[in-house]
Every structure is written in structure tokens, then in C-alpha cells.
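Next come the chains, spelled out residue by residue.
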Amino acid sequence: SDEYASDKVFERITKPTLVIVGQKDKLIPQKHGKIIYKGIKTQTKWLWKLPKGDHINAYHHDGNIYRQKFVHLLDSLSQ
């Protein structure tokens with residue numbers, strides 16, 4: 001079922017949105033993340049391309065730098 005498919009909802013997203021693309025993801029090609037990013041209508045959005053990221057463990061590469069970056073992003077939004 002594609003009931004929850006991203007392409008059915010991303011144009012309605014108005015909140016700050018982070019799209020994460022693992023550049024080594026063999027399950028979902030990174031072009032899909034780029035399409036979603038472009039389709040999101042909010043002005044506050046980020047696209048992170050993680051060079052060593054695959055499908056599930058994107059944050060576990062590069063010394064957890066992306067996990068720290070994510071926490072920093074959340075902190076900046078809460079101020």
C-alpha cells in the first residue's frame with residue numbers, strides 16, 4: 001500500500017523539515033529524498049546528504065557528527 005507515501009503529503013508540509021539522504025542507501029535511492037526536499041513548500045527546510053550513510057544507520061558514521069548536528073539543530077529551533 002502507498003497510503004502513507006511521501007509524495008501524497010509533502011506538498012502540505014508547512015513546518016520546519018529535515019530530509020536526510022544516505023548516499024550509500026541501497027534500499028531508497030537518494031533521488032527520492034531530493035524530490036521530497038524540492039516538493040516541501042515550507043521555507044525552513046534542510047537536506048542533509050550523509051556520504052557514508054545507508055538506510056538505517058546514517059548517524060553511526062563519521063564519529064556521530066550528524067547526531068551532534070541534529071541535536072544542535074533542535075536546540076536552535078527551540079530558542
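Details of the structure are given in the entry above.
Quick caveat: nothing in here was measured; it's all calculated off a predicted structure.

Caption draft 1: Layout of the packing of aromatic side chains. Across all of its chains, the model carries one aromatic pair by this definition. Above the plane of the ring of Tyr37 lies Lys45, whose end atom (NZ or CZ) is 4.6 Å from the centre. Positioned above the aromatic ring of Trp48 is the side chain of Lys69, whose terminal nitrogen or guanidinium carbon lies 4.7 Å from the ring centre.

Caption draft 2: Summary view of the pairing of strand 1 (residues 17-22). Summarising the sheet, strand 1 and strand 2 (residues 45-50) pair through six bridges and their orientation is parallel. Each bridged residue has a counterpart across the sheet, and for Leu18 the counterpart in strand 2 is Trp46. Read from strand 1 through helix 1 (residues 30-39) to strand 2, the crossover connection turns out right-handed.

Caption draft 3: Geometry of the environment of His61. Structurally, His61 can be placed in the loop between strand 2 and helix 2 (65-77). Residue His61 is classed as partly exposed on the basis of its relative accessible area, which comes to 21%. For the pair formed by His61 and Leu50, sequence separation is 11 residues and the distance between their alpha carbons is 8.7 Å.

The rules behind these values
- Residues numbered from 1 in each chain as written.
- Predicted model: local features only at pLDDT ≥ 70, side-chain atom pairs only at ≥ 80, totals over all residues.
- Heavy atoms only, no water.
- Phe/Tyr/Trp six-rings, centres within 6.5 Å; stacked < 30°, edge-to-face > 60°.
- Lys NZ or Arg CZ within 6 Å of the ring centre and 35° of its normal.
- Pairing = 2+ DSSP bridges.
- Helix = DSSP H or I, 4+ residues; strand = E, 2+ residues; numbered from the N terminus.
- Right-handed = clockwise from strand over helix to strand, strands pointing away.
- Buried < 20%, exposed > 50% of the residue type's maximum accessible area, 1.4 Å probe, protein only.

Geometric descriptors of this kind do not, in isolation, establish any biological role.
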